[in-house]
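Listed below, chain by chain, are the residues.
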Amino acid sequence: MVVTPYHIILASNSPRRKELLSGLGIDFEVRIIEGIDESYPADLPTAEVAEYISHKKAAPYLSQMTADELVITADTIVVLGTQVMGKPHDEADACRMLRALSGQTHQVITGVTLTTLQRQQSFSVTTDVTFKPLTDDEIHHYVTHYRPFDKAGAYGIQEWIGYIGVTSLRGSYFNVMGLPVQRIYEALKDFANI
């Protein structure tokens, strides 16, 4: 268990991130600033995109923070080769993403930034995920019934598509869900010792 002198703020509306952070047994509140720009430079290496965005998401909170607050911001992307997949725009885009991931190994990268008024730390965690070849029927069933429009790469590993489609995983399962809680736990312990 982490005993921290900080009041923890999760800067995310994601129900999965709330659930995962709750699993650490720490008290926190959710605080959202709407309309944060999540763009990134076109020439940024794909491995750095999620961490860059998580750092960018933290900036608007600094002016609203008190000395005893610690804000956690995060961003998750799916990378297939050199292609970065964010959240799908619509049903057709979700199906396109899943067809691209079908039968392939891709990386799920979550960037995390922990911010206090005195200190900031960013890191990213990568997990390799392999899908079996998915049929069009399986893709359409998933997209129609689960509407994965709020998920990078158009899927949630904890949902039906993960049950039937993921053949192997190397790295953190929770990272694929959207928050690498083991690394966050270690980072919070580090902040508590400062």
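The sections below set out a description of the structure shown in this document.

What counts and how
- Residues numbered from 1 in each chain as written.
- Predicted model: local features only at pLDDT ≥ 70, side-chain atom pairs only at ≥ 80, totals over all residues.
- Heavy atoms only, no water.
- Phe/Tyr/Trp six-rings, centres within 6.5 Å; stacked < 30°, edge-to-face > 60°.
- Helix = DSSP H or I, 4+ residues; strand = E, 2+ residues; numbered from the N terminus.
- Buried < 20%, exposed > 50% of the residue type's maximum accessible area, 1.4 Å probe, protein only.
- Lys NZ or Arg CZ within 6 Å of the ring centre and 35° of its normal.
- Axes fitted to C-alpha atoms, helices over the stretch in contact; angles between N-to-C directions.
- Parallel < 35°, antiparallel > 145°, perpendicular 65-115°, else oblique.
- Left-handed = near helix turned anticlockwise from the far one by under 90°.
- Contact = heavy atoms within 4.5 Å.
- Polar contact = N/O pair within 3.5 Å; in protein donor to acceptor, adjacent residues only side chain to side chain.
- Salt bridge = Lys/Arg side-chain N within 4 Å of Asp/Glu carboxyl O.

For the rest of this paragraph, the subject is the packing of aromatic side chains. Overall, the coordinates contain four aromatic pairs when judged by the stated rule. Judged by centre distance (6.5 Å) and plane angle (75°), the ring pair of Tyr6 and Phe191 falls under edge-to-face. Here the residue Tyr6 occupies a position in the segment before β1 (7–10), and Phe191 occupies one in helix α7 (residues 181–192), the gap between them amounting to 185 residues. A single burial state applies to Tyr6 and to Phe191, both of which are buried. Summarising the aromatic geometry, the rings of Tyr142 and Tyr146 are spaced 5.2 Å apart at their centres and angled 20° between planes, so their arrangement reads as stacked. Of the two residues, Tyr142 and Tyr146 both sit in helix α4 (residues 136–146), four residues apart, roughly one turn of that helix. Under the relative-accessibility criterion, Tyr146 is labelled partly exposed at 34%. Above the face of the Phe191 ring, Arg119 is positioned so that its terminal group lies 4.1 Å from the ring centre. Positioned above the aromatic ring of Phe123 is the side chain of Arg183, whose terminal nitrogen or guanidinium carbon lies 4.2 Å from the ring centre.

Let us now look at the packing of helix α3 (residues 91–101) against α4. For the pair α3 and α4, the least separation of the axes is 10 Å and the interaxial angle reads 135°. For the element pair α3 / α4, the angle class is oblique. In this structure, α3 crosses over α4, and the sense of that crossing is right-handed. Every residue of α4 that contacts α3 at Glu91, Ala94, Cys95, Leu98 and Arg99 is listed here: Asp136, Ile139, His140, Tyr142, Val143 and Thr144.

Before going further, it helps to examine the side chain of Thr76. Among the secondary structure elements, Thr76 is positioned in strand β3 (residues 69–80). A polar atom in the side chain of Thr76 sits 3.0 Å from the side chain of Arg17. At 2.9 Å, the side chain of Thr76 and the side chain of Thr110 are in polar contact.

Here we come to the pattern of salt bridges. In the structure shown here, the tally under the stated rule is 15 salt bridges. A salt bridge links Glu38 to Lys57, with the shortest nitrogen-to-oxygen separation between them at 4.0 Å. Residue Glu38 is located in the loop between β2 (28–30) and α2 (46–58), and its partner Lys57 is located in helix α2; the two are separated by 19 residues in the primary sequence. A single network of salt bridges, built from pairs that share partners, joins Arg16, Asp150, Lys151 and Glu159.

Here the focus is unusual backbone geometry. Although it is not a glycine, Arg147 sits at a positive phi angle of roughly 45°. Among the structural elements, Arg147 can be located in the loop between α4 and α5 (160–165). Arg147 sits in the partly exposed class, given a relative accessible area of 43%. Non-glycine residue Ala154 carries a positive phi angle of around 65°. Relative to the assigned elements, Ala154 resides in the loop between α4 and α5. By relative accessible area, which is 0% here, Ala154 ends up buried.

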